[in-house]
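These are the residues of each chain, in order.
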Amino acid sequence: MKKWIRGGTVVTAADTYQADVLIHGGQVVAIGHDLDGQDAEVIDAAGCYVFPGGIDPHTHLDMPFGGTVTADDFFTGTRAAAFGGTTSIIDFCLTKKGDSLRSAIAAWHEKARGKAVIDYGFHLMIAEANDQVLDELESVVANEGITSLKVFMAYKNVFQADDETLFKTLIRAKELGALVQVHAENGDVIDFLTKKALAEGNTDPIYHALTRPPEAEGEATGRAIALTALADAQLYVVHVSCASAVQRIAEAREKGWNVYGETCPQYLALDISYLEKPEFEGAKYVWSPPLRERWNQDVLWSALKSGILQTVGSDQCSFNFSGQKELGRGDFTKIPNGGPLIEDRMAIVYSDGVVPGRISLNQFVDVCSTKVAKLFGMFPRKGTIAVGSDADIVIFDPNVKRTISAKTHHMNVDYNPFEGKEVYGEVVSVLSRGSFVVRNKQFVGQAGAGQFFKRDTFVRP
Ligand SMILES: [Zn+2]
């Protein structure tokens, strides 16, 4: 059935204008005034923004970590994403040394199948770059639609790859048209500082941050960039948290290199002092990279504004405080890293970014959706409202003020890192390929309605 979104203000990365949107067959078929909405279901969007659904480039759903598994799976995670205005995610498919890429990908498809309520794609972790892996990558990129590869420079003896692995991956990615992503922290330095802290009896959550100093991120970011330049490849630095890393990315882009960066809501809105909360509550704020000193927030916002950083991902990786985060009592290295962020990503960027004028409304759409679609081979099917694009659309009321809380969020986890924070704006309804997932703030989606999205190879945006 046709749907006719009437009376709203359409917002894309480029424009803000009054227009109606007509949807048919899961796609946008017309934008403008006096549309032929005969037989269409009318959706009243008066007083609301109508923008393309968010695309979260960085999620970990149903992921094993540190002897436990994330609290949100592909159903609860994508449902929460939809409540926050996100209509596509790209999740990280983990691999193990010695396993074929194909079997790892099959296992990840199994996690998502029948559960996702919005569309999804995968990034693929590269744990080692032997001949078999490098061979297999050709078909992964060309046939499986997985066109971004993740290399960890941290988590020694767990995920960490060496520079040879990163360099070989970059060279292969250049040949195949894949975008290489790095978790940029110097894992060897962190490993040394961590052991030292524990030996000195420093076991509280704050030491998670103190053993991962900003320069460990800056150094790894700079090293990944140097290797990218040597390989003449393309690089996307995930979860940039601090000025040291921003500076390296800025310098690379100044030189015209193909280097991009993402930050996350926690680095934009929280700071290192949260790790010092009493009663072990600091464990709720354990991310890698860690939260930084507050002044870094201004650096990150201006990097988004100026285009040094292009995207905001959630790095959704939720663990309950009770029973999961608590595994690290008495030893901060046993606190599962990560937090629940998939639902509030866009709320933080809108409320802390657009409302105080740090970025424009169009930049909000760009960093949460459009630029993600362009960098990860999804544009123009996703990431914009245009004739022929998928009708992944959010109706957003900017006039509402509300309070974020674990009591009302939709993630399957017992706390919210932004508990008590007042934000402006509220997602009213969300459409995925023309079907309601959220309608008047009620979930009406279906487990399994989300489709795997095969992505195109990298094109410099
Ligand atoms: Zn991550």
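Residues numbered from 1 in each chain as written. Predicted model: local features only at pLDDT ≥ 70, side-chain atom pairs only at ≥ 80, totals over all residues. Heavy atoms only, no water.

Draft legend 1. Here's a closer look at the environment of valine 28. Considering the arrangement of structural elements, one finds valine 28 in strand S5 (residues 27-32). Between the alpha carbons of valine 28 and leucine 235 there is a distance of 32 Å; along the sequence they are 207 residues apart. Excluding anything up to four places from it in sequence, valine 28 contacts Val21, Leu22, Ile385, Ala386, Val387, Gly388, Ser389, Asp390, Ala391 and Ile393. (Helix = DSSP H or I, 4+ residues; strand = E, 2+ residues; numbered from the N terminus. Contact = heavy atoms within 4.5 Å.)

Draft legend 2. Geometry of the coordination of the zinc ion. Those protein atoms acting as donors to the zinc ion are His58 (NE2), His60 (NE2) and Asp315 (OD), and they sit at 2.0 to 2.2 Å. As a motif over one chain, the donors of the zinc ion read H-x1-H-x254-D. Of this pair, histidine 60 sits in the loop between strand S8 (54-59) and strand S9 (64-65) while aspartate 315 sits in the loop between strand S17 (311-312) and helix H11 (345-354), and the two are 255 residues apart along the sequence. For histidine 60, a relative accessible area of 6% gives the class buried. Take aspartate 315: its relative accessible area is 7%, and that puts it in the buried class. (Donors = N, O, S within 2.8 Å, 3.2 Å for Na, K, Ca; no water. Buried < 20%, exposed > 50% of the residue type's maximum accessible area, 1.4 Å probe, protein only.)

Draft legend 3. Structural context of the sheet that holds strand S4 (residues 20-24). Strand order in the open sheet formed by four strands is S5-S4-S1-S6, and the pairing between neighbours is mixed. One side of each edge strand has no neighbouring strand; the edge strands of this open sheet are S5 and strand S6 (41-44). With direction set aside, neighbouring strand axes in the sheet form an average angle of 20 degrees. When strand S1 (residues 3-6) meets S4, the two strands line up antiparallel, connected through three bridges. When the bridges of S4 are listed, isoleucine 5 appears paired with valine 21. (Pairing = 2+ DSSP bridges. Axes fitted to C-alpha atoms, helices over the stretch in contact; angles between N-to-C directions.)

Draft legend 4. Structural detail: the sheet that holds strand S12 (residues 119-125). Within the open sheet, the eight strands sit side by side as S8-S11-S12-S13-S14-S15-S16-S17. Their pairing is parallel. Each edge of the open sheet carries a strand with a single partner, namely S8 and S17. Sheet topology note: the strand S13 (residues 148-152)/strand S14 (residues 179-183) ladder contains five bridges and is parallel. Across the sheet, residue leucine 149 finds its bridge partner in S14, namely valine 180. Where helix H2 (residues 101-112) meets the sheet, its contacts fall on strand S11 (86-93) and S12, and the angle it forms with S12 comes to roughly 150 degrees.

Draft legend 5. Geometry of the nonpolar core. Membership of the largest hydrophobic core comes to 117 residues, with the highest contact counts inside it found for Phe51, Leu124, Leu137, Leu166, Val182, Leu235 and Phe364. When residues no more than four places from it in sequence are discounted, the contact partners of leucine 124 are Cys93, Thr95, Leu101, Ile105, Leu137, Val140, Ile146, Ser148, Leu149 and Lys150. (Core = buried A, V, L, I, M, F, W, Y, C linked by side-chain atoms within 4.5 Å.)

Draft legend 6. Structural context of unusual backbone geometry. Residues serine 288 and proline 289 are joined by a peptide bond in cis, for which omega reads -5 degrees. As for its placement among the helices and strands, proline 289 is situated in the loop between helix H9 (265-269) and helix H10 (296-306). One non-glycine residue, aspartate 62, lies in positive phi territory at about 50 degrees. Position of aspartate 62 relative to the elements: it lies in the loop between S8 and S9.

Draft legend 7. Here's a closer look at the pattern of salt bridges. Taken as a whole and assessed by the stated rule, the structure comprises 32 salt bridges. In this structure, aspartate 390 and arginine 381 form a salt bridge, with 3.2 Å as the shortest nitrogen-oxygen distance. Take aspartate 390: its relative accessible area is 6%, and that puts it in the buried class. A cluster of three or more residues bridged by salt bridges with shared partners is formed by Asp119, Arg381, Lys382, Asp390, Asp392 and Arg433. (Salt bridge = Lys/Arg side-chain N within 4 Å of Asp/Glu carboxyl O.)

Draft legend 8. The arrangement of the state of the cysteines in detail. Scanning all chains against the criterion turns up zero disulfides. A disulfide-free cysteine, cysteine 48 has its sulfur positioned 18 Å from the sulfur of cysteine 368, the nearest such atom. A relative accessible area of 10% means that cysteine 48 is categorised as buried. Looking at the unpaired cysteine 264, the closest cysteine sulfur is the one in cysteine 317, lying at 11 Å. A relative accessible area of 0% means that cysteine 264 is categorised as buried. (Disulfide = S-S within 2.5 Å.)

Draft legend 9. Representation of the packing of H2 against helix H3 (residues 131-143) in the model. Across the interface, H2 lies against H3 with an axial gap of 9 Å and an inter-helix angle of 45 degrees. On the basis of their axis angle, the class for H2 and H3 is oblique. Between H2, through Leu101, Arg102 and Ile105, and H3, the contact on the second element is made entirely by Val133, Glu136, Leu137, Ser139 and Val140. Among the residues forming the contact of H2 with H3, the class breakdown is five nonpolar, one polar and two charged. (Parallel < 35°, antiparallel > 145°, perpendicular 65-115°, else oblique. Nonpolar A, V, L, I, M, F, W, Y, C, P; charged D, E, K, R; others polar.)

By themselves, these observations are geometric and do not establish any function.
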